[in-house]
Amino acid sequence: MLKPSGIITILTDFGGDDYFLGALKGAMLKINPEAKIIDITNTIPPGDTRKAAFTLMNYYAEYPEGTVHYCVVDPGVGTGRKAIAIATDEYRFVAPDNGTVYPSIKNRGWKVYEIDSDRIAIDLRSNTFHGRDIFAPAAALLSKGIDIERLGPKVDDMVHLEMPVPVRRDDILAGEVLNIDRFGNVITNFTPIDLTGLKNPVFRVKDKLIKTKLENYQQASPDVLFYIIGSAGYVEISVKNDSAAGVLGINAGDDVIAVEGSPASGGLP
Amino acid sequence: MLKPSGIITILTDFGGDDYFLGALKGAMLKINPEAKIIDITNTIPPGDTRKAAFTLMNYYAEYPEGTVHYCVVDPGVGTGRKAIAIATDEYRFVAPDNGTVYPSIKNRGWKVYEIDSDRIAIDLRSNTFHGRDIFAPAAALLSKGIDIERLGPKVDDMVHLEMPVPVRRDDILAGEVLNIDRFGNVITNFTPIDLTGLKNPVFRVKDKLIKTKLENYQQASPDVLFYIIGSAGYVEISVKNDSAAGVLGINAGDDVIAVEGSPASGGLP
Amino acid sequence: MLKPSGIITILTDFGGDDYFLGALKGAMLKINPEAKIIDITNTIPPGDTRKAAFTLMNYYAEYPEGTVHYCVVDPGVGTGRKAIAIATDEYRFVAPDNGTVYPSIKNRGWKVYEIDSDRIAIDLRSNTFHGRDIFAPAAALLSKGIDIERLGPKVDDMVHLEMPVPVRRDDILAGEVLNIDRFGNVITNFTPIDLTGLKNPVFRVKDKLIKTKLENYQQASPDVLFYIIGSAGYVEISVKNDSAAGVLGINAGDDVIAVEGSPASGGLP
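Remember, it's a predicted structure, so these values are computed and weren't measured experimentally.

Conventions we followed
- Residues numbered from 1 in each chain as written.
- Chains lettered and ligands numbered in written order.
- Predicted model: local features only at pLDDT ≥ 70, side-chain atom pairs only at ≥ 80, totals over all residues.
- Heavy atoms only, no water.
- Least-squares fit on C-alpha atoms with pLDDT ≥ 70 in both.
- Helix = DSSP H or I, 4+ residues; strand = E, 2+ residues; numbered from the N terminus.
- Buried < 20%, exposed > 50% of the residue type's maximum accessible area, 1.4 Å probe, protein only.
- Polar contact = N/O pair within 3.5 Å; in protein donor to acceptor, adjacent residues only side chain to side chain.
- Expected span 1.5 Å × (residues − 1).
- Contact = heavy atoms within 4.5 Å.
- Pairing = 2+ DSSP bridges.
- Axes fitted to C-alpha atoms, helices over the stretch in contact; angles between N-to-C directions.
- Buried area = accessible area lost by both parts, 1.4 Å probe.
- Salt bridge = Lys/Arg side-chain N within 4 Å of Asp/Glu carboxyl O.

1. Side note on the relation of the copies chain C and chain A
- With an RMSD of 0.0 Å, chain C superimposes on chain A once it is rotated by 120° and translated 0.0 Å along the axis. Within this description, the copies of the chain are treated as partners about a three-fold rotation axis. Closest approach to the rotation axis among the C-alpha atoms of chain C is made by K36 of chain C, whose C-alpha sits 5.0 Å away.

2. Description of unusual backbone geometry
All names here are of chain B.
- In this model, D223 sits at a positive phi of 70°, which is unusual for a non-glycine residue.
- Mapped onto the elements, D223 comes out in the loop between β13 (212-213) and β14 (226-229).
- Given the relative accessible area of 68%, D223 is considered exposed.
- For N241, which is not a glycine, the phi torsion comes out positive at approximately 55°.

3. Let's talk about the environment of T196 of chain B
Residue and element names in this part refer to chain B.
- Mapping T196 onto the fold places it in the loop between β10 (186-188) and β11 (201-205).
- Look at T196 and you get exposed, because its relative accessible area is 67%.
- As a C-alpha pair, T196 and I44 span 152 residues in sequence and 33 Å in three-dimensional space.
- A polar side-chain atom of T196 sits 2.8 Å from the main-chain carbonyl oxygen of I193.

4. Some remarks on helix α1 (residues 20-31) of chain B
- The end-to-end C-alpha distance of α1 of chain B is 17 Å, a good match for the 16 Å that 12 residues give at a rise of 1.5 Å each.
- Among the 12 residues of α1 of chain B, 10 are classified as buried, and the element is accordingly described as predominantly covered.
- Regarding α1 of chain B, the residues found buried are F20, L21, G22, A23, L24, K25, G26, A27, M28 and L29 of chain B.
- Looking at the packing, one finds that the buried side of α1 of chain B touches β1 (7-12), β2 (36-41), β3 (68-72) and α4 (130-143) of chain B together with β1 (7-12) and β2 (36-41) of chain C.

5. Regarding the sheet that holds strand β7 (residues 154-155) of chain A
All names here are of chain A.
- Taken in spatial order, the seven strands line up as β2-β1-β3-β5-β4-β6-β7 in an open sheet, and their pairing is mixed. One side of each edge strand has no neighbouring strand; the edge strands of this open sheet are β2 (36-41) and β7.
- Across five bridges, strand β1 (residues 7-12) lies against strand β3 (residues 68-72) in parallel orientation. Across the sheet, L11 pairs through a bridge with C71, a residue of β3.
- Along the sheet face, helix α2 (residues 49-57) touches β1, β2, β3 and β5 (92-96) and points at about 150° away from the line of β1.

6. Things to note about the interface of chain C and chain A
- Tallying the contact residues gives 35 residues for chain C and 30 residues for chain A.
- Summed over both partners, the interface of chain C with chain A comes to about 2600 Å²; 52% of that surface belongs to carbon and sulfur atoms.
- When the area that chain C buries against chain A is broken down by residue, the three leading residues are D18, Y19 and T128 of chain C, summing to 24%.
- Inspection of the region where chain C meets chain A yields two salt bridges.
- Across the salt bridge formed by D18 of chain C and K51 of chain A, the nearest N and O atoms sit 3.6 Å from each other.
- With nine residues, helix α1 (residues 20-31) of chain C is the single largest residue contributor to the side of chain C that touches chain A.

7. Thoughts on the interface of chain A and chain B
- Of the residues lining the interface, 35 residues belong to chain A; the matching set on chain B comes to 31 residues.
- Buried surface at the junction of chain A and chain B, summed over both partners, amounts to about 2600 Å²; 52% is from carbon and sulfur atoms.
- Sorting the residues of chain A by area buried against chain B places D18, Y19 and T128 of chain A first, and these three jointly supply 25% of that buried surface.
- Our count for the chain A to chain B interface comes out at two salt bridges.

8. Concerning the sheet that holds strand β4 (residues 83-87) of chain C
All names here are of chain C.
- Within the open sheet, the seven strands sit side by side as β2-β1-β3-β5-β4-β6-β7. Their pairing is mixed. Here the strands that pair on one side only, and so sit at the sheet edges, are β2 and β7 (154-155).
- Inspection of the sheet shows strand β6 (residues 111-114) paired to β7 by two bridges, in the antiparallel sense. Note on β7: the bridge partner recorded for V112 is V155.

Rendered as structure tokens:
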């Protein structure tokens, strides 16, 4: 048994302007008035499960053991997709079965259960808002420490959403942009390990080369694009006091190429 | 006596960018540090009491008994409008007397009290921010279980804000758009009961007819406008993976007409 | 010793769309699962320490004694700027040493400590996200009541960010705009005390004169710009049901001049 922390984190694409958050938080609190609800973000672009998956990867493990992560970006609501609850040694997740949680836990042990609204006596009030009608009660029950097996039958697998990884083609590594953050930093999918085979790596975005590697922002010169290992563990392309994404005219999903640089171009020693 | 849940929900038009939320939440916590504050939304369009009323209707009853709903969209701040606290059997509300709460509780028993800042020793620090100076302390006191009668004198009535209901004209029902949500769904003011007299109802928006009724999103075909009973209990006009409001060029308050359709046009059997 | 309230307020420029808030809140809760986290705003314009300072001034004192204010607008992250924790008689603050907290506490007693990540066994995981890696754990420790001296060595001073104050030039007072709020109200840096030497003060913005002083919004006439002492304690320029900032074409930092008016122009008696 996992001891519940009482914390439920909320990740959705419901936006912050409508009644959706108010309704789903209430549905949680009616079942567990002691739950501590933590807003992560509700402005995932509608239906963008990859952005949701990337976001989840970067916060879920910060939380105390026994935290319930509610992750509802659900373009398939009201279709045949399953509603699932997932157990790892440390956490519980509730989500539509669309792969959002998979990248976070693929390298850990996990079990998946299909949430059965009959079994937990959830009144299914709509075909369009399972965030309120199924996932909120399920998260609240888990936050009270209910055994996950009571939510419904164990199933063998879940949808696998694979985050893109760099691919070697001849002497280049072809990667892509995972995310643009608020500051215009370009988060690529290159990890330091991916780059171990490349001497003095240089990044190419469209016709621009980013050659300067920095260890911290203090070293940056104005207007010079540079790269740095960011807080998510990936190569990020940045520029001092400006949006690198704006300078490069680049969006999530666009190509970034890593090539070997000459020693002279290799940034700081 | 109603046992307080300790929960205070917050609905405002204060936006999320200024100090307003920080100040009003602090004013609550200074009086009741144990209060559990739940953000609903703070981006009601400035002064839009109808949107606030629609939003409140769709979350207030999700909360545990004894919850205090703070609903401050207050275009009349600093004018003669009363500050009121409302009691129902299950909840407490604080709001300016502009009708925001009325549609949620009109069919229940309720009592209204005028909040008297002298009586509860609230220091009235401004004429422009009663959300901090009057409503926050009043909500905090109620969340501690203070008797609502101690906030001020009972008054006989409150402002009635009536949500628009469909009107029969000859053989049509004239309704309107209550809300556009983040996904571009068009929430009309037609309930299933309103439509009982119409065979195979068809909806007309400007020069477009919406004939297809669906039970869930799985049945939707790309680019085809359809209607469905949404999570708020009203007819919603939607289109798969797109904004129906955008396709229709329609806003809250615009007209929607329901007419009787031929059997052939009546959507799914 | 200051008894902790358990409350941590959060003020940042991290935006609401990325994983940043999720990660920093988790980093707090892992250390203190009992912490009560209160969102103030996360949409301070990137790096705008003056807006952060203005915002903080207007909420920090609303909170119960023993509250920890986390104030991380950090354009210098990863440079040599210190990470500091500040103690006053009533509160604790954590912030980069860039002056954000200074205007709030300059007239009180305060002590400053440099947060030493080694001393508190914080694992410094990035050079780019000290909001998660340093400030969140420090705030969480303070919220548990740890003695602030345990975070690191006492330092003599912090960066002083001085909010602009009106300057007398001949017979005018030259001030400026501190903030534009969501409603388009123009918050100037004139306090009532600044104006004591001016009879019937009139404000000039570009080529427009604002002569009408009101005590509350009820007195306002449509389309007439007026001024009022707002909830932050400054002269605010407003217009009924519209954005005064829009009407005036004015932004934070722009000039506002106060001059002596003729008795006839001096608003209400």
